[in-house]
Amino acid sequence: MTAQVSVNVARNATATKLLAKVPPPAFSQATHRSRCLAQLRSKHNNLEKYIYLNGLKDRDPSLFYTLLYDNMRESISSREMVPILYTPTVGDACTNYSHIWRRPEGMYVSIGEKGRIREVLATWPNVREARIAVVTDGSRILGLGDLGANGLPIAVGKLDLYIAGAGIRPSSAVPICLDLGTSTEKYLNDPLYIGVRRPRPSPEEMDEFMDEFMAAMKETFPNLLVQFEDFSTDNAFKYLSRFRLKYRCFNDDVQGTGAVVLSGFLNAAHLASEASGRPLAEHRILFLGAGSAGIGVAKQLLSFFRFQGLSEAEATKQIWTVDSKGLITAGRPGLQEHKKFFARTDYQGPPLTNLVDIINHVRPTALFGLSTIRNAFTKEVVDAMAMHNTRPIVFPLSNPVSLSEVDYEDAINWTNGNVIFASGSPYQPISRGEKTFEPGQGNNMYIFPGLGLGALLSKASRVTDSMVEQASVALAGSLDANERAAGLVYPRLDRIRDISAKIALAVVRAAQNASVDGVPALRHVTDNTLLTYIKEQMWDPRPVKSHF
């Protein structure tokens, strides 16, 4: 074969290969979108749908995010993608991740790489563009326990919502799982397990690893915001306290959950007080669940009472907490440190362990569930709440729906429709005669996209309590006239970009007021101008410009 013939053969082979990847002449992008949705709906279960969507994201990111963004703007009955990519299906994806893994989706930083973490981080392909990382160690994924390296999908899913809900550019997102071992035997014994096979490190080794990791993150990604996600309870509080003043970071389980629940409670308390005539300052809140999320939410709700003029000490007295042993009191032996803040000093009787008895003792106006105990709010529990309140506030916030403390239909039926309800996972509206009851979803996805966007746009040096608090207030105030008339406590998700923009505006202003912002020019523009600027920065998959 001559050289020329060889060149021609090579050219023809290359041309054939290129032509094979060109869509057919009659190809229509609109038709292909419909085709992809039909393929999605043909899958037999939600885990298969999750696998399909992740494959689509890898093949055609712009189409994937266009579909996700458009689907988020559908009515709740038609909104099918978010529950697959986020709660509740992401929980199934995590528990099965070692078996459904197809391709790398993020970054693993292993305990074995301690001493050279900076080298590992520097291998990320978009170092210069990186702006936001969601970091988990897989030790407490949703309510599913220690999943180890299987926890990566929770970081991937959160970042999908940043991209679709707040316009963060995909190339600026960094999903990270810290592969530190697992204490769950079934994963250690699983031949397909994707992570390192060792027990979790000691507290001392873990502290050394986290100190090196955060220092390396700052050095490698100087413009990065870090969101901690699904760390064990003790570590969630410890590392938030350890790093929040030194690095630009926040913990979504502690602060994000607290902010979204505070927002819903601000609206719920007004609805309940309108029905009962009770002053807002006299609301009484009972928590079932005293882990990182439960105590984090409870601390955030102190803001509600401070808004009513109460001191912190007075506000603390309006909140009661319950764990697996019952009402938490200061005299309980061996009480964990994070539970002491709300431990009651005003109860000296025998231990109260039955939730109905606790409700009858406390007479709360609001009952929050962060226990991950399925059906913990029984009919007797809800009846007790209804006995003490014209419109009881019941927020079963545990995710996924398989761990929810009470289902929406039961709460409606048991209270004759008087319940003010919000859950962590999505429920469908319920019709009774001519009336339709629409549930609230107190999901962090309302808060963290706008909070992160505002922190990035303001170039805040750290995330302050006031930034989180103002994000919550902005969410509560984002209800439109139709939503208020319907008695909702959260806005409808179909306006997520507008909601995120308003939250980002409040966060930027809070950063400026706390003197932690890094863009002096934004201090002097009007709110309307700043809101327009924020919306202009949002990435659009169709596409438009973005600076992230």
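In this report, the structure presented in the accompanying data block is examined. On a predicted model such as this, the values are computed, not experimentally measured, just so you know.

### Structural notes on the pattern of salt bridges
- In this structure the tally under the stated criterion is 35 salt bridges.
- Among the ionic pairs, R198 bridges to E205, the shortest N-O distance being 3.4 Å.
- Take E205: its relative accessible area is 26%, and that puts it in the partly exposed class.
- Connected via shared salt-bridge partners are D207, D211, K238 and R242.

### Focus: the packing of helix α13 (residues 252–276) against helix α20 (residues 465–476)
- At a closest axis distance of 8 Å, the pairing of α13 and α20 adopts a crossing angle of 40°. Classified by the interaxial angle, the pair formed by α13 and α20 is oblique. Here α13 runs over α20; the crossing is right-handed. For the pair formed by α13 and α20, the contact residues are Q255, A259, V260, L262, S263, L266 and N267 on the first element and D465, V468, S472, V473, L475 and A476 on the second.
- In terms of residue class, the contact of α13 with α20 is made up of eight nonpolar, four polar and one charged.

### A word on the sheet that holds strand β7 (residues 319–323)
- Reading across from one edge, β8-β7-β6-β9-β10-β11-β14 is the order of the seven strands in this open sheet, with mixed pairing throughout. Edge positions in the open sheet fall to β8 (326–327) and β14 (440–441), since each of these has one partner strand only.
- Against the sheet, helix α16 (residues 355–362) contacts β6 (285–288), β7, β8 and β9 (366–369), and its axis sits at roughly 165° relative to β6.

### With respect to the packing of aromatic side chains
- Scanning all chains against the criterion turns up 19 aromatic pairs.
- Ring geometry for F265 against F304: centres 4.8 Å apart, planes inclined by 70°, an arrangement best described as edge-to-face. In this pair, F265 sits in helix α13 while F304 sits in helix α14 (residues 292–307), placing the two residues 39 residues apart along the sequence.
- Ring centres 5.5 Å apart and planes at 10° place the aromatic pair Y446 and Y490 in the stacked group. Here Y490 lies in the loop between α21 (481–485) and α22 (496–513) and Y446 lies in the loop between β14 and α19 (448–457), a separation of 44 residues in the sequence.
- Through a chain of ring-to-ring contacts, the aromatic side chains of F265, F287, F304, F305, F368 and F395 assemble into a single cluster.
- Between R73 and the ring centre of Y69, over which it is positioned, the NZ or CZ distance is 4.2 Å.
- Residue placement shows R497 over the ring face of Y69; its charged tip is 4.5 Å from the ring centre.

### A look at helix α11 (residues 203–220)
- Its 18 residues place the ends of α11 25 Å apart at the C-alpha level, agreeing with the 26 Å of an ideal helix rising 1.5 Å per residue.
- All buried positions along α11 are accounted for by M206, D207, F209, M210, F213, M214, A216, M217 and T220.
- Tucked inside the fold, the buried residues of α11 contact β1 (107–110), α8 (117–121), β2 (132–136), β3 (173–179), β4 (225–228) and α12 (233–243).

### Describing the environment of P439
- Along the polypeptide, P439 turns up in the loop between β13 (435–437) and β14.
- Taking the C-alpha atoms as reference, P439 lies 6.2 Å from P429; in sequence the two are ten residues apart.
- In contact with P439, other than residues within four places in its own chain, are Y408, F421, Y427, Q428 and P429.

### Examining helix α3 (residues 46–59)
- With 14 residues, α3 extends 20 Å between its outermost C-alpha atoms, agreeing within 8% with the 20 Å of an ideal straight helix rising 1.5 Å per residue.
- Where burial is concerned, most of α3 is hidden: ten out of the 14 residues are buried.
- Among the residues of α3, L47, K49, Y50, I51, Y52, L53, N54, G55, L56 and K57 are the ones counted as buried.
- At its buried positions, α3 is contacted by α2 (29–41), α4 (61–72), α5 (82–85), α6 (89–95), α7 (97–100) and α9 (152–166).
- Where α3 begins, the capping side chain belongs to N45, and its oxygen is found 3.1 Å from the backbone nitrogen of L47.

### Observations regarding the sheet that holds β4
- One open sheet holds the five strands; their spatial order is β1-β3-β2-β4-β5, and the pairing between them is parallel. On the outer flanks of this sheet lie β1 and β5 (249–251), each paired with one strand and no other. Ignoring strand direction, the axes of neighbouring strands in this sheet form an average angle of 25°.
- Where β2 and β4 come together, four bridges link them in parallel fashion. Pairing of V134 across the sheet is with Q227, part of β4.
- The strands that α12 touches are β4 and β5; relative to β5, the one it contacts most, it runs at about 160°.

### A word on the environment of V406
- Following the sequence through the fold, V406 ends up in the loop between β10 (393–396) and α18 (408–414).
- Since its relative accessible area comes to 1%, V406 is described here as buried.
- Sequence spacing of V406 and F377 is 29 residues, and the spatial spacing of their C-alpha atoms is 5.4 Å.
- Ignoring anything within four residues of it in the chain, the contact list for V406 reads F377, V394, P396, A411, W414, F421 and Y427.

### Observations regarding unusual backbone geometry
- Residue P88 is bonded to the preceding T87 through a cis peptide linkage, with omega at 5°.
- Counting through the fold element by element, P88 comes out in the loop between α5 and α6.
- The backbone phi angle of T372 is positive, close to 60°, even though this residue is not glycine.
- Topologically, T372 is positioned in the loop between β9 and α17 (379–388).
- Phi is positive for N416, which is not a glycine, with a value near 55°.
- A relative accessible area of 70% places N416 in the exposed class.

### Things to note about the side chain of D160
- Positionally, D160 belongs in helix α9.
- Its relative accessible area of 3% is what places D160 among the buried residues.

### Considerations on the side chain of D517
- Inspection of the secondary structure assignment puts D517 in the loop between α22 and α23 (527–537).
- D517 gets classed as buried once you look at its relative accessible area, which sits at 11%.
- For D517, the side chain forms a polar contact with the side chain of R523, separated by 2.7 Å.
- For D517, the residues in contact, after removing those within four places along its chain, are S458, K459, A460, A511, Q512 and R523.

Thresholds applied
- Residues numbered from 1 in each chain as written.
- Predicted model: local features only at pLDDT ≥ 70, side-chain atom pairs only at ≥ 80, totals over all residues.
- Heavy atoms only, no water.
- Salt bridge = Lys/Arg side-chain N within 4 Å of Asp/Glu carboxyl O.
- Buried < 20%, exposed > 50% of the residue type's maximum accessible area, 1.4 Å probe, protein only.
- Axes fitted to C-alpha atoms, helices over the stretch in contact; angles between N-to-C directions.
- Helix = DSSP H or I, 4+ residues; strand = E, 2+ residues; numbered from the N terminus.
- Parallel < 35°, antiparallel > 145°, perpendicular 65-115°, else oblique.
- Left-handed = near helix turned anticlockwise from the far one by under 90°.
- Contact = heavy atoms within 4.5 Å.
- Nonpolar A, V, L, I, M, F, W, Y, C, P; charged D, E, K, R; others polar.
- Pairing = 2+ DSSP bridges.
- Phe/Tyr/Trp six-rings, centres within 6.5 Å; stacked < 30°, edge-to-face > 60°.
- Lys NZ or Arg CZ within 6 Å of the ring centre and 35° of its normal.
- Expected span 1.5 Å × (residues − 1).
- Polar contact = N/O pair within 3.5 Å; in protein donor to acceptor, adjacent residues only side chain to side chain.

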